[in-house]
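# Structural overview
Residues per chain, in single letters:
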Amino acid sequence: MKKKYNIQLVLLILIGLFSFNNGLLYAQKKVKKNKVRIKAQYINEINGDKYIVVKASSKIKRKIQKINGADLTVYTILNDEKHKLGQVTTNVEGEGIFTLSNKPNFKPDSTETYTILVEFKGNEQFKKAKKKIKFKNAFITSKVFEKDSINYITATLTDPNIGPLNEQLLEVRIKRLINPLPVGEGTYTTDESGSVTVPIEADVPGVDGILTLEVVLADSDEYGTVISQVSAPVGIPIVHESTFDERTLWSPRNKTPLFLLIFPNLLIFGIWGLIIYLISNLFKITKS
């Protein structure tokens, strides 16, 4: 009898250990979270906004997926202290834009360097993550001028603490609705004075002949992305060929062509007139 009880006790212990191990395995599977990768890019629009573009992604089942709805907190670090600037939530593309302009704590350190920290606090599916970027402010001044009947755009890249920046790649392009149009080779290297001068093609169309030209320092490790815009009447005026306000088949309902209003109505009235005439004759026949 005692042996029987011993066997039952051993079985209970084995069952308990098996259940405990299964519980541990289940808990480990349950708490496994995916790593998050955060990217941040500083954008400096001359005479415009300063902002950062943040992106959040994760490798799930061997595929990089964009994270929608991730709440990211943005801080500035000054004298080894964190100052919260605000929050941004990623969209369906895993991106978010956080404006830095008019933020009182957005200040540089003694070397005129800005430090931004983007943090993700994590959730049930993703682990915590953070990304720190450092950058300085650079400026681009650009203008359009004419020489020997040829239009040019000239731009100068400067650091307010160093002066002109040479050997830097600047993109020169024309702003378009979807993708910008490169001017000439598209990318040019600044000279000793931090400048580039590029001729503008004479056959580019624009509304009323006005083109918006952009000079861009793109993805600089030290200055981020700097964009300068200048508009000038250096394009070919677009001929307005819209027939929206005319009476055409593709115009709005209130601009229906007259022949579509007159002829169908004449046919309708004619058919109804014939029907009424036949009915009146039938009444005359029945009375006679």
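Quantities reported herein were computed from a predicted structural model and do not represent experimental measurements. (Residues numbered from 1 in each chain as written. Predicted model: local features only at pLDDT ≥ 70, side-chain atom pairs only at ≥ 80, totals over all residues. Heavy atoms only, no water.)

### Overview of the side chain of Thr 113
- As for its placement among the helices and strands, Thr 113 is situated in the loop between β6 (95-99) and β7 (114-120).
- Classification of Thr 113 by relative accessible area gives buried; the value is 14%.
- A distance of 3.0 Å separates polar atoms of two side chains, one belonging to Thr 113 and the other to Thr 111.
- In this structure Thr 113 touches Pro 108, Lys 134, Phe 135 and Lys 136, once residues within four positions along its chain are discounted. (Helix = DSSP H or I, 4+ residues; strand = E, 2+ residues; numbered from the N terminus. Buried < 20%, exposed > 50% of the residue type's maximum accessible area, 1.4 Å probe, protein only. Polar contact = N/O pair within 3.5 Å; in protein donor to acceptor, adjacent residues only side chain to side chain. Contact = heavy atoms within 4.5 Å.)

### Digging into a nonpolar patch on the surface
- Residues Leu 249, Trp 250, Leu 258, Phe 259, Leu 260, Leu 261, Ile 262, Phe 263 and Leu 266 make up a contiguous nonpolar surface patch of about 1000 Å² in total accessible area.
- Of note, Phe 263 is situated in helix α2 (residues 258-287).
- Phe 263 sits in the exposed class, given a relative accessible area of 54%. (Patch = residues over 30% accessible without salt bridge, like charges linked within 9 Å, V, L, I, M, F, W, Y side chains within 5 Å. Areas by Shrake-Rupley, 256 points an atom, 1.4 Å probe, with all protein chains shown as cover. Salt bridge = Lys/Arg side-chain N within 4 Å of Asp/Glu carboxyl O.)

### Looking at the layout of surface pockets
- By volume, the largest pocket is sized at about 270 Å³.
- The wall of the largest pocket is formed by 15 residues, among which Ala 40, Gln 41, Tyr 42, Ile 133 and Asp 219 lie closest to the centre.
- Among the elements of the structure, β1 (37-45), β2 (50-60), β8 (129-135) and β16 (211-220) are those that each provide at least two residues to the lining of the largest pocket.
- Here the lining of the largest pocket is built from residues that sort into six nonpolar, three polar and six charged. (1 Å grid on protein atoms, 1.4 Å probe; cavity = no way out; pocket = protein on both sides within 12 Å on 5 of 7 lines; lining within 4 Å. Points joined across faces, edges and corners; volume = space filled by probe spheres on them. Nonpolar A, V, L, I, M, F, W, Y, C, P; charged D, E, K, R; others polar.)

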